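Here's the letter readout for the chains.
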Amino acid sequence: MSHASQSTEGGRPVPVTGHGVGEAELAAVVRVLGSGGLTTGPETALFEEELAGHFGIGPVLAVNSCTAALHLALLCLGVGAGDEVITSVLTFPATVNAVLAVGAVPVLVDVDPRTLNIGPAAVAAAVTPRTRAVVPVHMGGAACDMTALRAVADRHALPLVADAAHAVDTRIDGRHIASEADVSCFSFYATKNLTSVEGGALTGPAEIVDRARLLARHGLRFSWDPALPATAASYEAVAAGWKYNLSDVHAAVGRAQLARLPELQRARRDVVRIYDDALAGLPGVDLPHRTSTEEHSWYLYQIQLAADPDGSGSPRDRVAERLRRAGIVTGSYYVPLSRHAFLASVCRIPEPPVHAEAAWHRLLALPVHPGVSTADARWIAGRLTAALAEEGRS
């Protein structure tokens, strides 16, 4: 799939998310389908080895989603009924669903208004004797302040389980973000920087990964007699487990994507540079925050629009509608979990999430993926500038 695609000026709508699947991924799937081995096998094992090389840390377990990875990580750390797990109020529900799945109570804390990542001070204030883990979320691919979070976690002897669903290529001071948490969990969903269509992975200490591998395959311990046919495997159920394995077909797509990840990331970063140059200094627009030591994955490029002068709200929805009419799809990630009636009823929310609430009304995610050409990016930036100018005249 070429990154140089027809511009929106030619009439092609630009979605807010997309993937870079092309001929390499198709060939990988055909190869595996022709091999006779479809489910978890040698392709998945190779994917795990290659991911460990990319992360610079291992071992790695490939599973069928980041949600499964988070669930397994918490289980293997002994988090359970009556415990509390602190995480961000500004994330996808999957983060807290994994906490609920182990019987624990999610504790939702506010974010830093610039980075949109979990605030270390808010985490520190939310710790109680029941706290058993902290789950930072690297929002949009921007690294959390892991140094500050580590200091809080160490003070209270708490593990850090990173929801790195957006951060497959995020680094701090040249180190992959996976090395900054006790366990890191990744997503390879269809829209992610690296996709296996559906899939995920976790990495951490060998004892955690080994236990997670057992639980991901129904809690079964297998053994084979090499003198007998492969069908003569024996197994024993040694724990209650789940079916969280990743198939070789999905792993083949993931391996092809991983090999192409530098190319796919260059395409994203080319779009980011165009947006940065075109939108820097534009009145009423705050660009995504990043630090000089951080290499951002750019799963999302989210700007924040200033509130209306009369304080009545934000022009975000009106601007988004103007862009939609031009064929540009945008997004706002995410609805704070405190706004979901069900989640608010099962989570503990120590303080009103004022920063997450304010940001959510201002956030506008622009298309940033391999399907966005540089011509598209310039046109989108121009249309956004025009939409904001129209706001100023209305």
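Preceding this paragraph is the structure being described.
Here the structure is a predicted model, which means the values were calculated and not measured.

**Student:** Any details on the overall build of the chain? Residues and values, ideally.
**Tutor:** Of regular secondary structure, the chain possesses 12 helices and 15 strands. Here the C-alpha atoms of the chain give a radius of gyration of 22 Å, agreeing with the 21 Å that 2.2 N^0.38 yields for 394 residues. Along the first, second and third principal axes, the C-alpha atoms of the chain reach 80 × 55 × 35 Å. Considering only intrachain contacts with a sequence separation of at least 6, the fraction spanning at least 24 residues in the chain is 71%. Where the 33 positive side-chain charges of the chain centre and where its 40 negative ones centre are 3 Å apart.

**Student:** If you had to explain the sheet that holds strand β15 (residues 363-366) to someone new, which residues and values would you point to?
**Tutor:** Within the open sheet, the 3 strands sit side by side as β12-β14-β15. Their pairing is antiparallel. Each of the sheet's edge strands pairs with one partner strand only, and the pair in question is β12 (285-286) and β15. The pairing of strand β14 (residues 301-305) with β15 spans 4 bridges and is antiparallel. Opposite Q304, over in β15, you have L363 as the bridge partner. Contacts from helix α8 (residues 248-279) reach β14 and β15, with the element oriented near 20 degrees to β14. The sheet strands contacting helix α11 (residues 354-362) are β12, β14 and β15, and the helix crosses β15 at an angle near 50 degrees.

**Student:** I'd like to hear about the nonpolar core, residue by residue, with values.
**Tutor:** Counting residues in hydrophobic clusters, the biggest one holds 37 residues, and the most contacted among them are F47, L51, I86, V123, M146, F186 and F188. Elements with a minimum of two residues in this core: α2 (42-55), β1 (60-63), β3 (105-109), α5 (120-126), α6 (146-155) and α8. The element contributing the most residues to this core is α6, with 4 residues.

**Student:** Account for the state of the cysteines, with residues named and values stated.
**Tutor:** Under the definition given, this model contains 0 disulfides. Considering cysteine sulfurs only, C185 is the nearest to C66, which forms no disulfide, with 5.5 Å between them. C66 provides the cysteine sulfur closest to C144, a residue in no disulfide bond, and the two sulfurs are 13 Å apart.

Thresholds applied
Residues numbered from 1 in each chain as written. Predicted model: local features only at pLDDT ≥ 70, side-chain atom pairs only at ≥ 80, totals over all residues. Heavy atoms only, no water. Helix = DSSP H or I, 4+ residues; strand = E, 2+ residues; numbered from the N terminus. Rg over C-alpha atoms; globule rule 2.2 N^0.38 Å. Contact = heavy atoms within 4.5 Å. Lys, Arg positive; Asp, Glu negative; His and termini not counted. Charge placed at Lys NZ, Arg CZ, Asp CG, Glu CD. Pairing = 2+ DSSP bridges. Axes fitted to C-alpha atoms, helices over the stretch in contact; angles between N-to-C directions. Core = buried A, V, L, I, M, F, W, Y, C linked by side-chain atoms within 4.5 Å. Buried < 20%, exposed > 50% of the residue type's maximum accessible area, 1.4 Å probe, protein only. Disulfide = S-S within 2.5 Å.

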